[in-house]
Amino acid sequence: MKCGMMEAEGTVYGCECKDLQMSGSRSKVCQMCDVGEDETVERVVLECERMRMVARLGVRRVVGRCHSSFLTGHLRYSSSTSLSLTPQPQHHDFPHPLLSGQAASRWLLPRETVRCLHTGEGNCDQVTSSTEGQATTTTTSCESCVVKEVVEHWTRELATAEVPEGDLAAQHIMAHILGIHRSELQRPATAETELSKEQMEEVDRLMTCRIARMPLQYILGEWDFHRLTLKVAPPVFIPRPETEGLVELAIEVLREMESPRVLEIGCGSGAISLALLNALPQVECVAVDQSRHAVRLTESNAVQLGLKERLTVVLGKVNKDTRPPLPHSSYDLVVSNPPYVLRKDLMGLQPEIMMYEDLRALDGGKDGLEVIKAVLLHAQHLLLPGRTLLLEVDSCHPYLLPAWLEKQDLHLKLQKVHQDFNNKDRVMEFIKEI
């Protein structure tokens with residue numbers, strides 16, 4: 001088993017971990033594997049697979065360019081999360097290996113011998129042969145500097161690299177660099193504009209990151225969600241359109257209440273809580289997440305949107321047995337978009353998701369219900385009688401969850417299952433019994 005494969009200057013490195021069959025959690029942080037404290041063995045294996053995906057896609061040169069320029073500048077959304085160019089001790093918050101300051105430093109600087117905690121051996125100079133002979137992704141800059149022609153050139157480059165919706169990505173990135181809305185690219189005056197040398201360099205840099213399958217949202221640094229523009233940054237979970245349906249349901253529940261308290265479990269960028277605060281001025285929200293990156297980003301978005309006064313952000317992990325201390329003992333609504341992807345489906349996710357987003361925000365365990373069950377167990381104690389729990393789930397969970405619920409003595413009643421815009425079961429609504 002190759003563990004924590006990383007690459008630098010076209011060479012893939014890895015450490016040999018021979019104890020992946022061990023049970024329980026790791027109590028230390030491996031500098032070579034980027035495995036954080038309290039991460040289970042199963043997630044170690046997933047991280048290995050994620051790094052293999054990087055190698056299989058053959059984006060070594062591309063990613064090297066991203067790290068040396070883009071990742072150390074554009075993704076710096078606050079001083080507390082800026083990337084570092086010097087090796088640092090490992091951080092147990094488990095950021096994506098390609099995007100953490102520590103990992104970025106390994107790509108940019110000569111590697112020192114690091115001893116793997118799993119084997120006690122220092123194998124950082126071992127070349128992994130699994131990707132030898134594979135082609136790397138290369139790109140060519142556009143000879144023209146006219147906006148229309150540059151967009152057309154990069155649309156072709158993205159299509160050649162099999163990047164989905166390459167035309168939209170090229171347009172979004174160009175509009176971002178020009179500081180205009182994407183629709184304005186169709187205006188003749190804009191289409192015939194000549195880009196400066198600095199703008200052309202920025203185009204090359206950002207388009208190259210998209211070819212490396214970095215999500216467009218991370219490249220732009222922001223994304224629209226439910227009439228808000230939120231800052232997004234790796235590895236924090238990117239808000240999805242389906243979740244806007246969850247927000248709409250929550251608004252309907254809260255609309256007629258006076259000064260309701262809302263608890264969001266797993267806030268990510270803060271999308272759900274901030275959308276509720278923006279829509280309903282009488283609401284107060286408490287948002288919980290286990291990731292320091294997510295907590296910082298939520299707080300930053302709240303400040304930017306002028307909503308911080310009614311939001312409390314709590315750092316802590318919610319599982320079946322424990323939860324972090326909360327500012328209130330009871331709430332009118334508990335809402336959550338928890339990790340619900342079945343573990344067997346993780347390897348089939350798009351490279352944009354698998355390579356860059358935090359797996360903790362996706363991995364729902366064997367049946368996808370690991371965190372969902374924890375939320376249900378805590379919600380029965382945190383909700384006021386007659387109040388609502390809204391859970392975003394996988395479309396299979398309305399069929400799987402009732403069997404587990406029948407064995408529990410929960411004071412929660414499944415009220416309704418709501419569908420998303422693709423007519424898939426997406427939100428389960430529970431009411432606390434009076």
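Residues numbered from 1 in each chain as written. Predicted model: local features only at pLDDT ≥ 70, side-chain atom pairs only at ≥ 80, totals over all residues. Heavy atoms only, no water.

Participant: Break down the overall build of the protein for me, citing the residues and quoting the values.
Facilitator: Looking only at helices and strands, one finds 14 helices and 11 strands in the protein. Split into buried and exposed, the 434 residues of the protein put 56% on the buried side. By sequence separation, contacts in the protein at least 24 residues apart represent 69% of the contacts at least 6 residues apart. For the protein, the accessible surface area stands at approximately 19,200 Å², while carbon and sulfur atoms represent 47% of it. (Helix = DSSP H or I, 4+ residues; strand = E, 2+ residues; numbered from the N terminus. Buried < 20%, exposed > 50% of the residue type's maximum accessible area, 1.4 Å probe, protein only. Contact = heavy atoms within 4.5 Å. Areas by Shrake-Rupley, 256 points an atom, 1.4 Å probe, with all protein chains shown as cover.)

Participant: Before we move on, can you summarise unusual backbone geometry with the specific residues and values?
Facilitator: Peptide bonds are, in most cases, trans, and in most cases residues other than glycine have a negative phi. At the junction of P234 and P235, the peptide bond is cis and its omega measures out at 0 degrees in the coordinates. Locating P235 in the fold gives a position in the loop between strand 4 (228-231) and helix 9 (242-254). A positive phi is found at E162, a non-glycine position, where the angle reads about 60 degrees. Along the chain, E162 turns up in the loop between helix 4 (147-160) and helix 5 (166-178).

Participant: So what about the pairing of strand 10 (residues 412-419)? Which residues, and what values?
Facilitator: Each regular strand shows side chains that alternate between the opposite faces of the sheet. Looking at chain direction, strand 10 and strand 11 (residues 425-432) are connected through seven bridges and run antiparallel. Bridge pairing links V417 to M428 in strand 11. (Pairing = 2+ DSSP bridges.)

Participant: Any details on the confidence of the model for the protein? Residues and values, ideally.
Facilitator: In this model, the protein carries an average pLDDT of 76, and 68% of its residues clear a pLDDT of 70 or more. In the model, residues 1-38 has pLDDT below 50 throughout and makes 132 contacts with residues more than four positions away in sequence or in other chains. For the stretch residues 58-137, pLDDT sits under 50, and the model shows 204 contacts to residues farther than four places along the chain or on other chains. (pLDDT = per-residue confidence, 0-100.)

Participant: Lay out helix 10 (residues 271-279) with the relevant residues and their values.
Facilitator: The element helix 10 is extensively covered by neighbouring structure, given that seven of its nine residues are classed as buried. Taken residue by residue, helix 10 has A271, I272, S273, L274, A275, L276 and L277 as its buried positions.

Participant: Residue-level account of the packing of helix 4 against helix 7 (residues 197-211), with values.
Facilitator: Two numbers describe how helix 4 lies on helix 7: the axes approach to 11 Å, and their chain directions differ by 20 degrees. One way to sum up the angle between helix 4 and helix 7 is to call them roughly parallel. Judged by the twist between their axes, the crossing of helix 4 over helix 7 is right-handed. Here V150, W154, E157 and L158 of helix 4 lie close against helix 7, whose contacting residues are M200, V203, D204, M207, T208, R210 and I211. Looking at the contact of helix 4 with helix 7 residue by residue, the classes come out as seven nonpolar, one polar and three charged. (Axes fitted to C-alpha atoms, helices over the stretch in contact; angles between N-to-C directions. Parallel < 35°, antiparallel > 145°, perpendicular 65-115°, else oblique. Left-handed = near helix turned anticlockwise from the far one by under 90°. Nonpolar A, V, L, I, M, F, W, Y, C, P; charged D, E, K, R; others polar.)

Participant: Account for the sheet that holds strand 5 (residues 261-265), with residues named and values stated.
Facilitator: Pairing is mixed across the open sheet formed by seven strands, whose spatial order is 7-6-5-8-9-11-10. If you trace the sheet from one side to the other, it starts and ends with strand 7 (311-315) and strand 10, each paired once. Strand-to-strand, the axes of this sheet are offset by a mean angle of 20 degrees, without reference to chain direction. Inspection of the sheet shows strand 6 (residues 284-289) paired to strand 7 by five bridges, in the parallel sense. Residue pairing across strands places V288 opposite V314, the latter belonging to strand 7. Sheet contacts for helix 10: strand 5, strand 6, strand 7 and strand 8 (331-336); angle to strand 6, the most-contacted strand, approximately 175 degrees. Strand contacts of helix 14 (residues 397-406): strand 10 and strand 11, with the helix running at about 30 degrees to strand 11, the strand carrying the most contacts.

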